[in-house]
Structure formats: C-alpha cells, structure tokens
Amino acid sequence: MARKFFVGGNFKMNGTIESIKGIVKNLNEAQLDPNVEVVIAPPALYLLLVRDQLRSGLEVAAQNVFDKPNGAFTGEISVSQLKDSGITWSILGHSERRTILGESDEVVASKTKYATEGGVGVIWCCGESLEEREAGKTIEVIEKQLAAVSAKIGDWSKVVIAYEPIWAIGTGKVASVEQAQEVHAAIRSWLKKNVSEKVADETRILYGGSVNGKNCKELAKEKDIDGFLVGGASLKPEFVDIINSNQ
Ligand code: G3P
C-alpha cells in the first residue's frame, strides 16, 4: 500500500511569538505538495497561537503529553486538553526527553497508549546513541524500544515512527542513506514479525537527524523512508523544500 509521506517540524524549545508567527505565515503562503501530511510542533505555550493561525489541512503537535486524566499534575498537559484545543498529534519518546528528562521506555509506552486511545496521534521516536552504534547494538536498542511500546498499545493506526539516531540530532551529521534505510527496513520487519503484516505495511517510518533542504531528496527516495521529523531546519524557510522533497 502507498503510505502518505509525512513531514513533522519539531521546534523544540525555540521561538518567540513573532518568529513563530513568521514560520506559520511562510507555511500558509507556500506551495506545498498536497500529497504530504504536515505537522508542526511548537513549544506548548504557542500551540493555540499556531492552531489559530495555521491554515487548515496542516496539523499541530504537542511535544509531550501526560498519561493521566485531568487532575492535580502541575506542569502537565492532558490528552483531552490537546483535543479540546484542536491539537491532533504529539511527539513522544524523543531522545531529548529520554536522556535529559529521564523518560524510560515504559513511561514513553504508557504515554503512547494514553494518547492513541484518547484519539491523539503519536510521532513515536526511537534511536541509538553513538556508543551503541559503534558497539554494533543499533538494531537491538531499537527493538527493545519497539517491544516496550508494542506491549502497551493495540492500535498502531495513530502511530508514526520516527527513527532519530542520537548522534545525528542537531550535529549536522546526517545518517547516510544506507544507514537510515537499513534501520527503517529493520523496524518494518520487526513490525511484520511482532505485530502484523498490515501494520508493517501501513506504518510510516520517518527519519530525523540533521535533515535539511539539501539532503532530504536523496533520503526521500528510499523505499522505507516515509518522511522526516525535522528539528533545526523546521524553523527556516527550507522546511518547505523538505516538505516538497518527495515530488
Ligand atoms: O525531532 C527532530 C530532531 O531531533 C532532529 O533535530 O535539528 O537534527 O533536525 P535536527
């Protein structure tokens, strides 16, 4: 089956009201490939501003969501609050949250379950450190992350997987086309073996890590690369070239 190309922009903890309005205006006015699903993830403070100003057809993601219903959880945002605000996606399991904020595979899996069951899509991130890659453990690490989430969720239709090798994030050191394709194919075959052939065929697997307007076209040609999760370049006009890289 043809998987719809998907490009996410993860602004991380960047931007101001003014700069984010500028990014939204640029996207609203750009010629975007209609066959691409575009989702941008500003910091929580700007979610409503972006949702209000972004043209329809483009979606907005939160960079995190909590795995409990509304209540006494200072600093957190619930799935139902995202839905109430028209925020249809979330990014979970990003390596910055795993390493800096200590989110375990299990916490990420629990949040993924809550979000998907509550009707919010999840861009679920996985990836290995440089040390793990050099030790030949890349696939093992990713399979462990996959197993943890797979044990918790039943419905994969709201999940998009983002493979983000930690050594490629924000470093300017993009994975080679072969390195990315190899891991994407391994993820797809893990899904086929451990979930189902249908889920393996239908789940989009994005690449993330120093994607820019120049390297995106080559990566987009690979058969198991179904889009990108973009950090730094999503804040720049070249994000439009990345969205259009599959044309
Ligand atoms: O989630 C996107 C990401 O971690 C990649 O960041 O800046 O290397 O594109 P960047």
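All figures in this text were calculated on a predicted structure; none of them were measured in a lab. (Residues numbered from 1 in each chain as written. Predicted model: local features only at pLDDT ≥ 70, side-chain atom pairs only at ≥ 80, totals over all residues. Heavy atoms only, no water.)

(A) Structural detail: the pairing of strand E5 (residues 121-126). The element E5 is largely enclosed, with a buried count of six among its six residues. Alternating positions in E5 separate into two faces, Gly121, Ile123 and Cys125 on one and Val122, Trp124 and Cys126 on the other, with burial throughout. Inspection of the sheet shows strand E4 (residues 89-92) paired to E5 by four bridges, in the parallel sense. Within E5, the position partnered with Trp89 by the bridge is Gly121. Inspection of the sheet shows E5 paired to strand E6 (residues 159-163) by five bridges, in the parallel sense. Looking across to E6, one finds that Val122 is bridged to Val159. (Buried < 20%, exposed > 50% of the residue type's maximum accessible area, 1.4 Å probe, protein only. Helix = DSSP H or I, 4+ residues; strand = E, 2+ residues; numbered from the N terminus. Pairing = 2+ DSSP bridges.)

(B) Quick peek at helix H5 (residues 105-117). The terminal C-alpha atoms of H5, which comprises 13 residues, lie 18 Å apart, in line with the 18 Å expected from a rise of 1.5 Å per residue. One or two residues past the end of H5 sits Gly119, with phi positive at roughly 90°. (Expected span 1.5 Å × (residues − 1).)

(C) Spotlight on the packing of helix H7 (residues 138-152) against helix H8 (residues 177-194). Relative orientation of the contacting elements H7 and H8 amounts to 40°, with a least axis distance of 11 Å. By the angle between their directions, the pair H7 and H8 is classed as oblique. The handedness of the crossing between H7 and H8 comes out as right-handed. Within the contact between the two elements, H7 uses Thr138, Ile139, Ile142, Glu143, Leu146, Ala147 and Ser150 and H8 uses Val183, Ala186, Ile187 and Trp190. Residues that form the contact of H7 with H8 fall into these classes: eight nonpolar, two polar and one charged. (Axes fitted to C-alpha atoms, helices over the stretch in contact; angles between N-to-C directions. Parallel < 35°, antiparallel > 145°, perpendicular 65-115°, else oblique. Left-handed = near helix turned anticlockwise from the far one by under 90°. Contact = heavy atoms within 4.5 Å. Nonpolar A, V, L, I, M, F, W, Y, C, P; charged D, E, K, R; others polar.)

(D) Local environment of the sheet that holds E4. Strand order in the closed barrel formed by eight strands is E1-E2-E3-E4-E5-E6-E7-E8, and the pairing between neighbours is parallel. In this sheet, adjacent strand axes meet at a mean angle of 25° when their direction is disregarded. Note: E6 against strand E7 (residues 205-208), three bridges, orientation parallel. Bridge assignment links Tyr163 to a residue of E7, and that residue is Tyr207.

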